[in-house]
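A structural walkthrough
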Amino acid sequence: MLTFIGKRLFQSLFVLFGLSVLIFFIARVMPGDPARAALGHLATKEQVERVREEMHLNDPFPVQYYYWLRNLLRGDLGKSSYTRRPVTTDLIQYIPATFELILFATLISAIVGQVTGVLAGYFRNSWLDGLSRLVSYLGIATPSFVVAIFLLFIFSQVLKLAPGVGRLPIIMTPPPRITGFMTLDSLIAGRLDLALTALKHMILPAISLAVIHIAQEGRITRTSIVENMQKDYITVHKVHGIRTSRLVFKYLLKPSIIPTVTVMGLDFAFLMSNAFLVEMVYMWPGFSRYAVTAMLNKDLNAIVAVVLVIGLTFAMVNLLVDIIIMFLDPTIRLRTEGS
Amino acid sequence: MKTGYLIGIVMLLVIGFCGLVWAAENVAVINGYPVITADPAIASDWYDTEAMYNLYSPLVYPSPEGGVRAHLATSWEAVDGDFTHWRFTLQQGVKFHSGNELTAEDVAFSMTRFITMGRGNSGPLGHVTATVVDRYTVDFLLDKPSALFPDTLALFFPVEKALVVANVKTPGNYGDFGDYCEDWLATHDAGTGPYMMTNHIPGQRLDATRFVDYFEGWSNEGWGPDEVPIERLILIMETDYTTLMTLLRSGGLDLEINGGWTLPQLQQIQNDVNLGLASVWAQNVTVWMNSKVPPTDDEHFRKAILYAYDYDSVVGPWEEFGNGETGIFLPNMPGYVPIEPQPRKQNLEKAREELALSKYADNLDDVKAVFHFCGGLDFEEDVGLQLQADMAQLGVTVEVVGPPWPEYSAECSTPETTPNMTIFLFAPQAAPTHDYYTYAMFHPNGLGWIFEAHWFFEDSQIINMLDSTRAESNTYARMLTYELLQPLIAEHALAFYPYQKPTLFAHQAYIAGPKETIVFVGPSENMHNWRINLTLKEELR
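Below is a short write-up of the structure. (Residues numbered from 1 in each chain as written. Chains lettered and ligands numbered in written order. Predicted model: local features only at pLDDT ≥ 70, side-chain atom pairs only at ≥ 80, totals over all residues. Heavy atoms only, no water.)

**Considerations on a positive patch on the surface**
Definition in use: Excluding any residue in a salt bridge, patches collect residues exceeding 30% relative accessible area, merging like charges within 9 Å and nonpolar Val, Leu, Ile, Met, Phe, Trp and Tyr side chains within 5 Å. Working definition of accessibility: Shrake-Rupley area with a 1.4 Å probe, residue cover restricted to the visible protein chains. Think of a salt bridge as a Lys or Arg side-chain nitrogen and an Asp or Glu carboxyl oxygen that are within 4 Å of each other. Under the counting rule used here, the positive set is Lys and Arg, the negative set is Asp and Glu, and His together with the chain ends is not counted. All charge positions are set by atom: Lys at NZ, Arg at CZ, Asp at CG, Glu at CD. By the criteria applied, helices consist of DSSP H or I runs no shorter than four residues and strands consist of E runs no shorter than two, each listed in order from the N terminus.
Together, A:Arg243, A:Arg246, A:Lys250 and A:Lys254 line one region of the surface with positive charge. Tracing the backbone through its elements, the reader meets A:Lys250 in helix 11 (residues 244-256).

**Some thoughts on the packing of aromatic side chains**
Residues and elements named next belong to chain B. Threshold: Any two of the Phe, Tyr and Trp rings considered here, Trp counted by its six-membered ring, make a pair once their centres fall within 6.5 Å; the pair's planes then place it as stacked at under 30 degrees, edge-to-face at over 60, or tilted in between. Classification of residues uses two cut-offs on accessible area relative to the type maximum, computed with a 1.4 Å probe and protein chains only: under 20% is buried, over 50% is exposed, and between them is partly exposed. Placement of a positive charge over a ring is assigned whenever Lys NZ or Arg CZ falls within 6 Å of the ring centre and within 35 degrees of the normal to the ring plane.
Taken as a whole, this structure holds 47 aromatic pairs over all chains when the rule is applied. Pairing tyrosine 309 with tyrosine 311 gives two aromatic rings, centres 5.0 Å apart and planes at 85°, and the pair type is edge-to-face. Take tyrosine 309 and tyrosine 311: they sit in the same class, and that class is buried. Every member of this aromatic cluster is reached through a ring pair, and the members are Trp288, Trp405, Tyr408, Phe424, Phe426, Tyr436, Tyr437, Phe442, Trp449 and Phe451. Stacked on the ring of tyrosine 439, the Lys or Arg arginine 470 has its end atom at 3.5 Å from the ring centre.

**Section: the interface of chain B and chain A**
Put simply, the rule reads: In this description, contact between two residues means that some pair of their heavy atoms is separated by no more than 4.5 Å. Two N or O atoms count as a polar contact when they lie within 3.5 Å, although within protein this holds only if one can serve as hydrogen donor and the other as acceptor, and sequence-adjacent residues are included solely when both atoms are side-chain atoms.
Taken residue by residue, the interface counts 49 residues in chain B and 34 residues in chain A. Counting across the chain B and chain A interface gives 3 salt bridges. Linking B:Asp183 and A:Lys79 is a salt bridge whose minimum nitrogen-to-oxygen distance equals 3.6 Å. The interface formed by chain B and chain A contains 6 residue pairs in polar contact (both at pLDDT 80 or more). With 5 residues, helix 7 (residues 241-249) of chain B is the largest single contributor of residues to the side of chain B that touches chain A.

**Structural notes on the packing of helix 7 of chain B against helix 8 (residues 263-271) of chain B**
All names here are of chain B. As a reminder of what qualifies: All axes are obtained by fitting lines to C-alpha atoms, using only the stretch in contact for helices, and the reported angles, taken between N-to-C directions, cover 0 to 180 degrees. Should an angle fall under 35 degrees it is taken as roughly parallel, and over 145 as roughly antiparallel, whereas 65 to 115 is taken as roughly perpendicular and any remaining angle as oblique. In this count, Pro and Cys sit with the nonpolar residues alongside Ala, Val, Leu, Ile, Met, Phe, Trp and Tyr, while Asp, Glu, Lys and Arg are called charged and the others, Gly among them, polar.
At a minimum axis distance of 11 Å, the contact between helix 7 and helix 8 shows a crossing angle of 5°. Taken together, helix 7 and helix 8 sit at an angle that is classed as roughly parallel. Contacts from Tyr241, Thr242, Met245, Leu248 and Arg249 of helix 7 reach helix 8 at Gln265, Gln268 and Ile269. Considering only residue class, the contact of helix 7 with helix 8 consists of 4 nonpolar, 3 polar and 1 charged.

**Digging into the nonpolar core**
In plain terms, the rule: Each nonpolar core is a collection of buried residues, namely Ala, Val, Leu, Ile, Met, Phe, Trp, Tyr and Cys, held together in the definition by side-chain atoms within 4.5 Å.
Counting residues in hydrophobic clusters, the biggest one holds 91 residues, and the most contacted among them are A:Leu91, A:Leu209, A:Tyr282, A:Phe287, B:Ile236 and B:Trp261. With 14 residues, helix 15 (residues 300-328) of chain A is the single largest residue contributor to this core. B:Leu59, B:Ile115, B:Tyr180 and B:Phe505 belong to the second-largest nonpolar core, a separate cluster that totals 82 residues.

**Notes on the sheet that holds strand 5 (residues 85-90) of chain B**
All names here are of chain B. Using the following cut-off: Any two strands are treated as partners once DSSP identifies two or more bridges connecting them.
What the 4 strands build is an open sheet, ordered 4-5-7-6; its pairing is antiparallel. A single partner strand is all that each edge strand has here, and the edge strands are strand 4 (73-78) and strand 6 (128-134). Within the sheet, the average angular offset between the axes of one strand and its neighbour, ignoring direction, is 20°. With 5 bridges connecting them, strand 4 and strand 5 associate as antiparallel partners. Paired with tryptophan 76 across the bridge in strand 5 is phenylalanine 88. On the sheet, helix 3 (residues 104-117) packs against strand 5, strand 6 and strand 7 (137-142) and is oriented at approximately 175° with respect to strand 6.

Dropping the structure here:
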């Protein structure tokens, strides 16, 4: 197992290197002047030229990449020309906010998606299956930001059942930052009230992000359940009179959620970079918004760092998914160990 | 008896508790554009300036009549009548947020830092050497004469030398001064302004509390009996107006100072008795016409555009919110002169006459004018589409395209790559404002780029007059020159001005202000100029 993980991590390094080269050059050929963006509108031509020199923008691309790589190996991702802070400081600031939100969203989509998928699959062609199908199609077809605006309007503004925007009420002072996870930091600070408030603030944005994934994962689980129910071993178990609950949870669920787990992993990484609109609607100070701001302001160092973080997330989540699948399916485990 | 006491105590507790619950907090949540840095030597855009006017004090203050008035500096003069040597006398007893007194040493240090770093708003100043004359007098020596120098100092915010030196990070780009405290000042303040920063997450949130010892004091003169200074500011930086509307209507937002509202949202705000709208400064919607590429290289063709455009159609429903006529200056700026077309209406007859005089008159079918706007800005696209429809009536094709901002702004770096027409909003954000709308936009040594995307610098009379405005120290005489300049510039039809777009500050009814109206970004957002009515806030809750 350790060899497998080591191999995968080594392969990931190559992927990240390739990604860094690609995005480094793409970011530089994109239209726009990063020096001008860094200095603001009223900068003189001389000021812009001086900053171009400071940023090595007049050097050939390979030389620029050399400087960037050299700094990266020293743990320095450069300075953001937009926030004027080290990019690492920005990432530490923004990643936990998005990570906390999408973890919550993934948890919701995993639970609700699995339950609806199993029920729809087990009671296939029943009214429950039909309802689940209808709701799923609606969920898949509705963009997250539309769900976000709808939920915000109904539950926050009209019914006043849920808090509105942000990670905490605006006038509330956040707990001292330790992990960057608002709920966790509140608990560490001994503020259960703050933790609960932070959790309440996550409900609507997390549901907005989760809806589409609930629908997708529910459909995949349902298909898988239906497929596995037709297999011989299930028929044998049925013939032997095994209880329905035991049949579902012990023999049917495990092999049926393998495709869903794979999709869940991809969804998680996807959310990391695509939560932008929901973060906008809920004023969520997250990584996804930071990424889009970097693109719009031609913030070269931030763009490269953001893409690397997303690439790294994909690589790590895929590795984690592979490990989970190996535990779920012994045949894959044995094959991997054999190879 | 005992029971009576008990009931009394319980009632007192209940009343006290209710009082605690219902007492309106003296805090204002304000939405502005993202404040990236709080360092006055780096702050450059108007949103940074909004923060500057709260945390720092400029050496001189923009005045409602145009020009500047005393602030940190009580007086100034050009030594020996030479505009390269200026002497400023400082107000005594001004305190920094640390409690230390502001002296000439701080001002000279701040100017040296400003010029050495060469960022933010320092560009228009050129090279300046600062020397201390005595504790409250400082001299500035310029590399070239400038009669406008005092006016440019409305964007010069002195910092506390001792605090800056103590927080310098070494090594840095500035020798012994390391990073010149750039990192520290991004998230801390060293100023004398009406508010003190308590927390700053760049681009996200800035918290500040009232500076009780602010040198201009906190007089309640001119304010209502229940209107008191705002104790705590929370400046958030959001751009999604649907969310902001939700926040405003639910009472989570007290004041919005960007004014990006849509028409239906403005109508909702206007009809809500608990909300109000304040209009302070406007932005000049400007469509540059590139004089170096065909077909807009022909003056008659440009004039045809000017007359063909239907000004009424785009302004229409916005008129009640203040959108209307504008020109080279904003209409509420002293010295504003209306320019052609007058009356401000579409005149197709005149447009046809001009078109007939142009060198493209005989081959209009082959002519195509390209109009670029910043992708995503609907109101800019509306102007382009209106012009497209108007020019079609003359048989001229106008192509309307909206590339994203980085591409759009990069196009305007040279005359050859600048499209025929480009549209921008110019807020009064540079000091002095009159110079910004003239010299910076029509002089060969102006700001270039998007500020001069007409690329016309051939009229020596205009250039000489622009030079003379910078050499004239008498505000009245300078204003006369500006009045003469506007029609001269307009004669070349380098731009058309669809309308002025007022920035409407939406606020809760219990927020009052601004007390003073100045056509300049910054003073209107200075929260010393605003008050909160806590009694009304409690009632509205």
